[in-house]
Number of protein chains: 2
Amino acid sequence: MESNNQTVTIDDVAKLAGVSKATVGRVIGNYGSVSEKSRQKVMEAVKELDYVPNTIAQGLRSHSTKTIAVVLGSIKNSYCNELVYAIEKEAMKRGYNVLICNTHENLDKEIQHLRNIRSRQVDGVILIPVYTVGKVIPEKYRHLYENLNIPMVFVDRNIMGIEKDLVQSKNEEASYEATKYLISLGHKNIGVIGTVAYSTVQDRIKGYRRALQESGIAVNASLVVDAEYSEKHVGQKLAAKLLEEHPELTALYVLNNTLCGSVLLELKKRNLHTPDDLSLLTWDDDDLNELFDITTIVQYVEEIGRSAVKRLFELMADSQLKAEVQRIDTEMIIRKSCAEPKAFQ
Amino acid sequence: MESNNQTVTIDDVAKLAGVSKATVGRVIGNYGSVSEKSRQKVMEAVKELDYVPNTIAQGLRSHSTKTIAVVLGSIKNSYCNELVYAIEKEAMKRGYNVLICNTHENLDKEIQHLRNIRSRQVDGVILIPVYTVGKVIPEKYRHLYENLNIPMVFVDRNIMGIEKDLVQSKNEEASYEATKYLISLGHKNIGVIGTVAYSTVQDRIKGYRRALQESGIAVNASLVVDAEYSEKHVGQKLAAKLLEEHPELTALYVLNNTLCGSVLLELKKRNLHTPDDLSLLTWDDDDLNELFDITTIVQYVEEIGRSAVKRLFELMADSQLKAEVQRIDTEMIIRKSCAEPKAFQ
DNA sequence: TTGAAAGCGCTAACAC
DNA sequence: GTGTTAGCGCTTTCAA
């Protein structure tokens, strides 16, 4: 096995094997038909020269780069890195690599990435769009989402007015069930902390409202507070605000995985304990949650990732498919952070 | 702005602008010299046609794909995703994209990725090698690390016998200081939990030993226990083992970021509190650590990532540079988990 | 089953 | 400052 000649090409292999480069192409690309004899000779030459095909050249000719891009807020977020982990695993199985693009939850960066992705002839895109409810995608960028001619699947969040495949958790339903659970324990004044701008969070709030209404509890809008995504320790500040302005609160319901740790800091500061002083329920499981015995709605992120990749490959095989929404189940892990409110006992 | 014609090429732009495609190349690639007039015409045509250059074709011709690959155990690990975050940010600034490759701490996967990376003509590689101390890289794969002809920088861990650029924390020194700190509080029997197989962890253990020896404390090898990387809740099991077999322990020193949460579960189970029942010191800061007031050695992961990218670009510019090791400072955040041992008071 | 030739979209070399 | 030409390494006709 000779190695290290930077550029062993298909011609070298063809020469050594005594066949044409077309035949070599057939063997290594595994298409067309080749006699067993030729195949053998080619395989030997490949091994001898330690030949690896040039993916770039293949891509230029075949219009497939065997690459998918994942565009999301930040790989540091636990939802996102679990998602990427699952996506990369699935992609590798199919011989695809994954390009990672952080938008820092910034629309300009997202657009920059999408343009770049087009440049790179990526075969497919999985996107958690930055888009926040109410904002409108500037008209001149719509084509990046709609007519990119690259298969694209949204994960977690959608963009209003853009019909794309979407994979997300059953946010509304899970939130409804969780709220029902709190109500069943006797809670009526449940504070909510979440980043309201995202469609996902809005769905969760809808579920929360529906549960309250169904139980005949008046919905008090001031109990739902909005956490700006980027702010550090915003959860702590908002928890403080809620607890001060609403002494009637008996439970806190946290809708973002990034917020819960921060909320706990405030509870600690105030020497409040769950479930005795306050019940606490949150989204997304973390080391924290087990240690603090926090009742949690778990998203099956890996399944979301797998489904997104599966759908993406379907779209890559047939670009005429109509957009579909897939909603993945969630699970509520009941630990010890929720109990009957004191006043109720 | 016309959009969506899948394949607007440099020829189309040249035709519309009334110049040769070489001139268009000069404008969009920003090399050579072009008259202001031509530049204007080209720019207009580019906008008019919504032209984006084909990175694949550029790559084939210019032998640069504007891509770097990051190969590491798992993006789910917090050290790893902070690193990737920093790397991607730096790479983007320079117009490079990042391919993410998880090895699942498995040598075969790592080798598979490196071969694939060669196929893809990636411009540079940042690698946290799977390699564990004592194991030897099979001879036939050495060339993947040594003669790949692609600039490569190791992060965090090195491979014995392979001279590569390496960026890592000052593991030995930081560990020495941390142990000194525990000793200064009066601790003599300090249990250590870490995944011994990695060079990084071995350096930390060296620092621990040096501090003990310098203070005239006998090093008891059975106080250092080895956590297998992959096992779930291994930290908990090992903490239990240490506490049972060594009632003389007054402090626990945890060397891996993944282990600490697991160790805390065991302390909780045994109703042991820090620092009253036991002192606790750990590597890598986490939400957990602030909430539990755990004294922590913080690695500047983002700086490590930035340095690795910087070095990689130096190597890409000049492949003759000699391998260097960069050791990045750490910081010890003193919280409340360490105090004088009870027996000492 | 196989080979020759064309060409994917671009950049580099050279001429003017 | 600009255009012409060749060709990166491969796949895809097409013809044999």
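Counting restarts for each chain, with residues numbered from 1 along the sequence as it is written. Chain letters start at A and ligand numbers start at 1, both assigned in the order the entries are written. Confidence filtering applies because this is a predicted model: local features only for residues at pLDDT of at least 70, side-chain atom pairs given and counted only at 80 or more, and all residues used for totals across whole chains, interfaces and linings.

### A closer look at the interface of chain B and chain A
Stage number 1. Throughout, a residue-residue contact means that the two C-beta atoms, derived from backbone geometry, are no farther apart than 7 Å. Each partner contributes residues to the interface: chain B has 43 residues there, and chain A has 43 residues.
Stage number 2. Only strands that DSSP links by at least two bridges are regarded as paired with each other. What counts as a helix is a DSSP run of H or I of at least four residues, what counts as a strand is a run of E of at least two, and both are numbered from the N terminus. The pairing of strand 2 (residues 97–102) of chain A with strand 2 (residues 97–102) of chain B spans 3 bridges and is classified as antiparallel. Across the sheet, residue leucine 99 of chain A finds its bridge partner in strand 2 of chain B, namely leucine 99 of chain B.

### Thoughts on the sheet that holds strand 12 (residues 330–333) of chain B
Hydrogen bonds along the backbone pair up the strands of a sheet, which may run parallel or antiparallel.
All names here are of chain B.
Stage number 1. The 6 strands are arranged 7-6-8-9-10-12 in an open sheet whose pairing can be described as mixed. The sheet terminates laterally at strand 7 (224–226) and strand 12, the two strands that pair on one side only. Strand-to-strand, the axes of this sheet are offset by a mean angle of 15°, without reference to chain direction.
Stage number 2. Relative to strand 9 (residues 279–283), strand 8 (residues 251–254) runs parallel, the two sharing 4 bridges. Looking across to strand 9, one finds that tyrosine 253 is bridged to leucine 281. Only the contacting stretch of a helix is used when fitting its axis, a line to C-alpha atoms as for every element, and angles between N-to-C directions run 0 to 180 degrees.

### Focus on the pairing of strand 5 (residues 165–169) of chain B
All names here are of chain B.
Stage number 1. Put plainly, a residue is buried at 20 or more neighbouring C-beta atoms within 10 Å of its own, exposed at 12 or fewer, and partly exposed in between, counting only other residues' C-beta atoms, which are placed from the backbone. Here strand 5 lies mainly inside the structure; 5 of its 5 residues are buried.
Stage number 2. As paired strands, strand 4 (residues 152–155) and strand 5 are joined by 3 bridges and run parallel to one another. Paired with valine 155 across the strands is valine 167, a residue of strand 5.
Stage number 3. As judged from the 4 bridges shared by strand 5 and strand 11 (residues 325–328), these two strands associate in the parallel manner. Paired with glutamine 168 across the strands is arginine 327, a residue of strand 11.

### As for the protein's contact with DNA strand D
Stage number 1. Each residue receives a C-beta atom placed from its backbone. It is near a molecule or strand if this atom lies within 6 Å of it. Close contacts around DNA strand D come from 28 residues, with Ile10, Gly25 and Ala57 of chain A together with Ala22 and Ser33 of chain B the closest.
Stage number 2. Looking at the surface near DNA strand D, the elements with two or more residues in it are helix 2 (21–29) and helix 4 (55–62) of chain A together with helix 2 (21–29), helix 3 (36–49) and helix 4 (55–62) of chain B.
Stage number 3. The greatest single-element share of the surface near DNA strand D, amounting to 5 residues, is contributed by helix 4 of chain A.
Stage number 4. In the surface near DNA strand D, the residues fall into 10 nonpolar, 13 polar and 5 charged. Three categories are distinguished: nonpolar for Ala, Val, Leu, Ile, Met, Phe, Trp, Tyr, Cys and Pro, charged for Asp, Glu, Lys and Arg, and polar for the others, with Gly belonging to the last.

### Structural notes on the relation of the copies chain B and chain A
Stage number 1. The fit set for superposing copies consists of C-alpha atoms from residues with pLDDT of at least 70 in both; the fit itself is least squares. Once chain B has been moved 0.0 Å along the axis and rotated by 180°, it coincides with chain A to within an RMSD of 0.1 Å. What we have between these two chains is a two-fold relation. For chain B, the minimum C-alpha distance to the rotation axis belongs to leucine 99 of chain B and amounts to 2.2 Å.
Stage number 2. Looking at chain B, 98% of its interface residues are interface residues in chain A too, so the copies touch through the same face.

### Points about the protein's contact with DNA strand C
Stage number 1. By nearness alone, 27 residues border DNA strand C, and Ser20 and Ser33 of chain A together with Ile10, Gly25 and Ala57 of chain B come closest of all.
Stage number 2. Elements with a minimum of two residues in the surface near DNA strand C: helix 2, helix 3 (36–49) and helix 4 of chain A together with helix 2 and helix 4 of chain B.
Stage number 3. The biggest single contributor to the surface near DNA strand C is helix 4 of chain B, with 5 residues.
Stage number 4. For the surface near DNA strand C, the residue count by class is 10 nonpolar, 13 polar and 4 charged.

### Observations concerning the pairing of strand 1 (residues 67–72) of chain A
All names here are of chain A.
Stage number 1. With 6 of its 6 residues buried, strand 1 lies for the most part within the structure.
Stage number 2. Residues Thr67, Ala69 and Val71 point to one face of strand 1 and Ile68, Val70 and Leu72 to the other, with burial holding for every one of them.
Stage number 3. With 6 bridges connecting them, strand 1 and strand 2 associate as parallel partners. Considered in strand 2, the bridge of alanine 69 is made with leucine 99.
Stage number 4. Here strand 1 pairs with strand 3 (residues 124–127) via 4 bridges, running parallel. Each bridged residue has a counterpart across the sheet, and for valine 71 the counterpart in strand 3 is leucine 127.

### Observations concerning the packing of helix 5 (residues 78–93) of chain B against helix 13 (residues 301–317) of chain B
Residues and elements named next belong to chain B.
Stage number 1. Where helix 5 meets helix 13, the closest approach of the two axes is 8 Å, and the angle between their N-to-C directions is 45°. Relative to helix 13, the element helix 5 lies oblique. The chirality of how helix 5 crosses helix 13 is right-handed. On helix 13, the residues that touch Tyr79, Glu82, Leu83, Ala86, Ile87, Glu90 and Ala91 of helix 5 are Val301, Glu302, Ile304, Gly305, Arg306, Ala308 and Val309. We call two directions roughly parallel when the angle between them is under 35 degrees, roughly antiparallel when it is over 145, roughly perpendicular when it lies between 65 and 115, and oblique otherwise. With the far helix as reference, a near helix turned anticlockwise by less than a right angle produces a left-handed crossing, and one turned clockwise produces a right-handed crossing.

### What about the domain arrangement of chain A?
Stage number 1. Source of the domain bounds: an automatic or database domain assignment. Along its sequence, chain A is organised into domain 1 (10–53), domain 2 (67–169 + 301–329) and domain 3 (171–299 + 332–344).
Stage number 2. Centre-to-centre, using C-alpha coordinates, domain 1 of chain A lies 62 Å away from domain 3 of chain A.

### A look at unusual backbone geometry
Stage number 1. At the junction of threonine 274 of chain A and proline 275 of chain A, the peptide bond is cis and its omega measures out at -5° in the coordinates.
Stage number 2. Inspection of the secondary structure puts proline 275 of chain A in the loop between helix 11 (260–269) and strand 9 (279–283).
Stage number 3. Residues other than glycine seldom take positive phi values, yet glutamate 105 of chain B does so here, at roughly 50°.
Stage number 4. Inspection of the secondary structure puts glutamate 105 of chain B in the loop between strand 2 and helix 6 (107–119).
Stage number 5. We note that aspartate 156 of chain B has phi near 75°; this positive angle belongs to a residue other than glycine.
Stage number 6. Mapped onto the elements of the fold, aspartate 156 of chain B is located in the loop between strand 4 and strand 5.
Stage number 7. The class of aspartate 156 of chain B is buried, set by 24 C-beta atoms lying within 10 Å.

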